[in-house]
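Structural characterization, general
Here is how the chains run, residue by residue.
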Amino acid sequence: MRIATWNINSITARLPRLLAWLESSGTDVLCLQELKCAAEAFPTEQLRALGYEAAVHADGRWNGVAVVSRIGISEPVTGLPGGPDYDGLNEPRAVSATCAGVRVWSVYVPNGREVGHPHYDYKLRWLAALREAVRADAAAGRPFAVLGDFNIAPADEDVWDISAFEGATHVTAAEREALASLRGTGLSDVRPRPLKYDHPFTYWDYRQLGFPKNRGMRIDLVLGNAAFAGGVKDAYVDREERKGKGASDHAPVVVDLEV
DNA sequence: ATGTCCCTACCATAGGGA
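Residue positions are given per chain, counted from 1 along the sequence in the order it is written. Written order decides the labels, with chains lettered from A and ligands numbered from 1. Per-residue local features of the predicted model are confined to residues with pLDDT of at least 70, and side-chain atom pairs are confined, for both listing and counting, to 80 or more; whole-chain, interface and lining totals are unaffected and use all residues. Where side-chain values are given, they derive from all heavy atoms of the structure, hydrogens and water being excluded.

All right, on to the pattern of salt bridges then. Definition used for salt bridges: Asp or Glu carboxyl oxygen within 4 Å of a side-chain nitrogen of Lys or Arg. In this structure the tally under the stated criterion is 20 salt bridges. Of the charged contacts, one joins Glu175 and Lys123 as a salt bridge, the two residues approaching to 2.5 Å between their closest N and O atoms. With Glu175 in helix H4 (residues 173–183) and Lys123 in helix H3 (residues 118–139), the pair connects residues that are 52 residues apart, well separated along the chain. Each residue gets one of three labels from its accessible area relative to the maximum for its type: buried under 20%, exposed over 50%, partly exposed in between, using a 1.4 Å probe on protein chains only. Residue classification places Glu175 among the buried residues on the basis of a relative accessible area of 0%. Judged by its relative accessible area of 0%, Lys123 is buried. Where Glu240 meets Lys243, a salt bridge forms, and the shortest distance between an N and an O atom there is 3.1 Å. For Glu240, a relative accessible area of 44% translates into the label partly exposed. A network of salt bridges, in which partner residues are shared, links Glu75, Arg103, Asp137 and Arg142. Comment: elements are numbered from the N terminus, with helices defined as DSSP H or I runs of at least four residues and strands as E runs of at least two.

This part takes up the sheet that holds strand E13 (residues 232–237). DSSP calls a pair of strands paired once it identifies at least 2 bridges connecting them. Within the open sheet, the six strands sit side by side as E3-E4-E2-E1-E14-E13. Their pairing is mixed. Two strands lie at the open edges of the sheet, namely strand E3 (53–57) and E13, each paired on one side alone. Going across the sheet, the axis of each strand differs from the next one's by a mean of 10 degrees, ignoring polarity. As paired elements, E3 and strand E4 (residues 65–69) share five bridges and run antiparallel to each other. Throughout, an axis means a line fitted to C-alpha atoms (over the contacting stretch in the case of helices), and angles, computed between N-to-C directions, take values from 0 to 180 degrees.

For H4, the set of buried residues is Glu175, Arg176, Ala178, Leu179 and Leu182. Axial view of H4: buried residues confined to an arc of 155 degrees, hence all on one face. Elements that come into contact with the buried residues of H4 comprise H3 and strand E12 (220–224). For this quantity, the arc is that covered by the directions from the helix axis to the C-beta atoms. By the convention used here, residues are in contact when the closest approach between their heavy atoms is within 4.5 Å.

The environment of DNA strand B is made up of 14 residues, and the closest members are Ser10, Arg61, Arg113, Gln208 and Leu209. Residue proximity to a molecule or strand is established when one non-hydrogen atom of the residue lies within 4 Å of it. Protein-adjacent atoms of DNA strand B, using a 4 Å cutoff, are sugar or phosphate at a proportion of 54%. Take Arg113: an N or O atom from its side chain is 2.7 Å from a phosphate oxygen of DNA strand B. Polar contact is defined as a pair of N or O atoms within 3.5 Å, subject to the rule that within protein one atom must be able to donate a hydrogen and the other to accept it, and that residues adjacent in sequence are counted only when both atoms are side-chain atoms. One of the side-chain N or O atoms of Gln208 is found 2.8 Å from a phosphate oxygen in DNA strand B. Ten residue types, Ala, Val, Leu, Ile, Met, Phe, Trp, Tyr, Cys and Pro, are classed as nonpolar, four, Asp, Glu, Lys and Arg, as charged, and the remainder, Gly among them, as polar. Class assignment for the residues of the surface near DNA strand B results in five nonpolar, four polar and five charged.

The span you would expect from a helix comes to 1.5 Å times its residue count less one. For helix H1 (residues 11–25), which comprises 15 residues, the first-to-last C-alpha distance of 17 Å sits more than 12% below the rise-based estimate of 21 Å (1.5 Å per residue). Along H1, the sharpest change in direction is near 40 degrees and occurs at Arg17. Among the residues making up H1, those that are buried are Ile11, Arg14, Leu15, Arg17, Leu18, Leu19, Trp21, Leu22 and Ser25. Elements in contact with the buried residues of H1: strand E1 (2–7), strand E2 (29–33), helix H2 (44–49) and strand E14 (253–257). Within two residues after H1, Gly26 carries a phi angle of roughly 65 degrees, on the positive side. Think of it this way: the bend at a residue is just the angle between two axes, each fitted to seven residues, one set ending at that residue and the other starting at it.

Turning our eyes to something else, we now look at the nonpolar core. Here, nonpolar core refers to any group of buried Ala, Val, Leu, Ile, Met, Phe, Trp, Tyr and Cys residues whose side-chain atoms link them within 4.5 Å. Counting 26 residues, the largest nonpolar core has Ile3, Val67, Val104, Leu147, Val222 and Phe228 as the members making the most contacts within it. Not counting residues up to four positions away in its chain, the partners in contact with Phe228 are Ile3, Val102, Pro143, Phe144, Ala145, Val190, Val222, Val255 and Leu257. Listed in part, the 23 residues of the second largest apolar core include Ala94, Tyr122, Leu127 and Leu182.

Once that is clear, we can look at the environment of Ala168. As for its position among the elements, Ala168 is in the loop between strand E8 (144–149) and H4. When the C-alpha positions of Ala168 and Gly88 are compared, they lie 26 Å apart, and in sequence the two are 80 residues distant.

Before going further, it helps to examine the side chain of Thr172. Within the fold, Thr172 resides in the loop between E8 and H4. At 2.6 Å, the side chain of Thr172 forms a polar contact with the side chain of Glu175. The contact partners of Thr172, leaving out residues within four places of it in the chain, are Val115 and Tyr120.

UniProt positions are given in the numbering used here, feature names are shortened, and annotations may be inferred rather than shown by experiment. Annotation from UniProt places "active site" (unreviewed entry) at Tyr108, Asp149 and His250. Spanning 143 residues, the named residues form one tight spatial group whose C-alpha atoms are at most 12.6 Å apart. Along the chain, the position of Asp149 falls in strand E8. Classification of Asp149 by relative accessible area gives buried; the value is 1%. Apart from residues no more than four positions distant in its own chain, Asp149 is found in contact with Asn7, Gln33, Val107, Tyr108, Val109, Ile219, Asp220 and His250. Side-chain polar atoms of Asp149 contact the side chain of Asn7, separated by 3.0 Å. Relative to the assigned elements, His250 resides in the loop between E13 and E14. Owing to a relative accessible area of 3%, His250 belongs among the buried residues under this scheme. Discounting residues that sit within four places of it in the chain, His250 has contacts with Trp6, Asn7, Asp149, Thr202, Tyr203, Ile219, Asp220 and Arg242.

Rendered as structure tokens:
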């Protein structure tokens, strides 16, 4: 079974690439983030034509997540149970489903913007709610993983130059502790291999030639419980998908699972 | 070059977010 996660940065702008990539990569289950579309604008028919169905949580201009599967979708849960609001809104940042016996959450963790910004506090509270929401599934015997854009680099080597992140979000102790606390429910970081260079970065800023200079970050993660992690045969970042015109600023992380 | 791209508001460009 091939499972992947990809922050697609607008499913509308990326649709031709998405459909081509699903076919070329042979992905069975894809967790998507940053759909940036209304629920009714989700390309259900185009995906169905390729044999995929989807659990979608989207409400317009920002955020939006989905689980897309060609091996079945059951037990969908829309939204993060107990998740905090921001500016009075409960944003579409989490959706889960069970696909052929494997349970997955697709998550888009709040960015945080700046340390001390209300969005940063929101990010930490959102992660605490995620930890509680996954606790039972993480401890269970069936394969389970949380996949998505965590907007946190787990370690200093997960950014291109830690000195460039002085005082910035994504690398603070509090964010990393929130991530460690989430792993503490029984999840381990399935580290993908890079297809080029030394670090499995998953995101490169569009600005200032980030991708050509390999100024990347590993912020898209796969956290699996023992049954999931024990079945991983391979994992890699498909940096080819970050190339060329019309690419997302994130590359897919692909996991091959034997269950 | 503040070396980009996406969305929306509104119909050409500005603003917000990442």
